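# A look at the structure
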Amino acid sequence: MRINPISFSINNSYKPVATFQPHKMSRTDSDTITFTGNNTSAGNVLKKLRDIVCPYTGIKMISGSSLNSIEKRIDKSQNISTGVKILSGYTDYMQKTEKRMFNTFKKYSETNPQGKFGDCLNKLYDNALAKLKIEEFLVLDKVDKISLSLSPQTALGVRSKTTRCRQVILANKAEDTFKRKTFITSLDEIVPANINEQKILEQMKDQALFLPTSGSSENAFIVKYARRSEQEIAKRMLRASVATIEHVKPDSLGGANTLGNFMLVSAQANSRRANMPLEKYIQRYPDIPSYCQMYINQIISSIYKGKLGGCETYPYKIKKTLENESNGQIVLNLSKYKYTEAQTEKMVRQYYSKQHSRR
């Protein structure tokens, strides 16, 4: 009998970059990607770039237009072997969990060429569900451990929340599920006795973000997508890697809608960060500074190739933004950029002067 653990889902109404103007994503549940309507048009020039690595993951991103083309081919696929063949040319763009799942699908297709993606997931479902529950419990255990630093009364309030989560996970009732965001929000109901307890509660919420999702856990992926359609499963393999516009300083915190505050990042990384301060995000993913350097190196290369005319000042502007928002943890090396900041400002003025004269 199938049972439902914490619910994880990527919103199926999600549209790739080519069809709308994405920007800062907000997390409405544990794994849902939603887009609000703030203006990111100043970052549209970045969407022209191809095969740029995500500054948060170091993995190449796929453009919205390319994703649309691939998904049209997937819609015509008849079995898992056809779907795997289509996806095999894009493994370099897949996130870590998706790449591992692709290898699972590929292995299954070798012995079941006429099979389905769903058949593969259903075969793995029961074992994955049990493992997923254990993953969830391990995170809840860590939350409980942190709560030991609270006063007995406050700690008891936390235990009531985590106990309820465990009951739901084990209840085997489809109508009684909870989502990661719901659990994190429930922690806000606990009133801290002082500033120190408030800090401890924040640590617990940070720990709760490690609850598994289909983007971070193969087991969560299997459990979530075992009931989905063939095309939906196949399309999911690349949707997390589509290029989106990210506010380095979140717009909800006053971040400007200007190119100097924008980076091109993968949909999954954009959603995962949500409005988390960049400094804290780096604590969770310490390789971000090196990935940002890879990103800016490719940006500079694109400028040299004439693909970002009028954006020659971008490396200097994004360097300042990243350094400020990361509290000095990200310091881009622009020593190999052949233009000085003054030169780039002059180049931008000349570029727009020419554009104006052509009108």
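Above this text sits the structure in question.
Now for a description of the structure that goes with this document. Position labels on residues start from 1 in each chain and follow its written sequence. Confidence filtering applies because this is a predicted model: local features only for residues at pLDDT of at least 70, side-chain atom pairs given and counted only at 80 or more, and all residues used for totals across whole chains, interfaces and linings. Excluded from the side-chain calculations are hydrogens and water; all other atoms, namely the structure's heavy atoms, are used.

The tendency in soluble globular proteins is for nonpolar side chains to be buried as a group. Membership of the largest hydrophobic core comes to 59 residues, with the highest contact counts inside it found for Leu46, Tyr56, Met263, Tyr295, Ile299, Tyr314 and Leu322. The dominant element in this core, judged by the number of residues it contributes, is helix H12 (residues 288-304), at seven residues. Any two residues having at least one pair of non-hydrogen atoms within 4.5 Å are treated as being in contact. Other than its neighbours up to four places away in sequence, Met263 contacts Leu46, Pro55, Tyr56, Thr244, Ile245, Glu246, Val248, Cys292, Tyr295, Tyr314, Ile318 and Leu322. What is meant by a nonpolar core is a set of buried Ala, Val, Leu, Ile, Met, Phe, Trp, Tyr and Cys residues, joined one to another through side-chain atoms within 4.5 Å. Note on classification: 1.4 Å probe, protein chains only; a residue is buried when its accessible area is under 20% of the maximum for its type, exposed when over 50%, partly exposed between these limits. One finds Cys120, Leu129, Val223 and Ala267 within the second-largest nonpolar core, a separate group that totals 33 residues. We count a stretch as a helix when DSSP gives it H or I for four or more residues in a row; a strand needs E for two or more, and each element gets its number in order from the N terminus.

Moving on to the side chain of Thr313. Along the chain, the position of Thr313 falls in the loop between H12 and helix H13 (314-325). Ignoring any residue separated from it by four or fewer positions in sequence, one finds Thr313 in contact with Thr344, Glu345 and Val348.

Time to look at the packing of helix H6 (residues 180-187) against helix H7 (residues 195-208). Here an axis means a line fitted to C-alpha atoms, over the contact stretch when the element is a helix, while the angle between two N-to-C directions is reported on a 0 to 180 degree scale. One way to put it is that H6 packs onto H7 with a least axis distance of 10 Å and a crossing angle of 175°. Comparing their axes, H7 and H6 come out roughly antiparallel. Along its contact with H6, which presents Arg180, Phe183, Ile184 and Leu187, the element H7 presents Met204, Lys205 and Ala208. Residue type decides the class: Asp, Glu, Lys and Arg count as charged, Ala, Val, Leu, Ile, Met, Phe, Trp, Tyr, Cys and Pro as nonpolar, and the leftover types, Gly among them, as polar. Taken together, the residues of the contact of H6 with H7 break down into five nonpolar, no polar and two charged. Note that the term roughly parallel is reserved for angles under 35 degrees, roughly antiparallel for angles over 145, roughly perpendicular for angles of 65 to 115, and oblique for everything else.

The first and last C-alpha atoms of helix H3 (residues 96-111) sit 24 Å apart over 16 residues, in line with the 22 Å expected at 1.5 Å per residue. Within the span of H3, buried status applies to Thr97, Glu98, Met101, Phe102, Phe105, Tyr108 and Ser109. Relative to the axis of H3, the buried residues are bounded by an arc of 135° and lie together on one face. Opposite the packed face of H3, turned more than 90 degrees from it, sit the exposed residues Lys96, Lys107, Glu110 and Thr111. Where H3 is buried, its residues touch helix H2 (80-87), helix H4 (117-147), helix H8 (218-225), helix H9 (230-239) and helix H10 (267-273). By this rule, a helix spans an expected 1.5 Å times one less than how many residues it contains. Taken from the helix axis, the directions to the C-beta atoms give the arc we talk about.

This is a description of form; function is not addressed.
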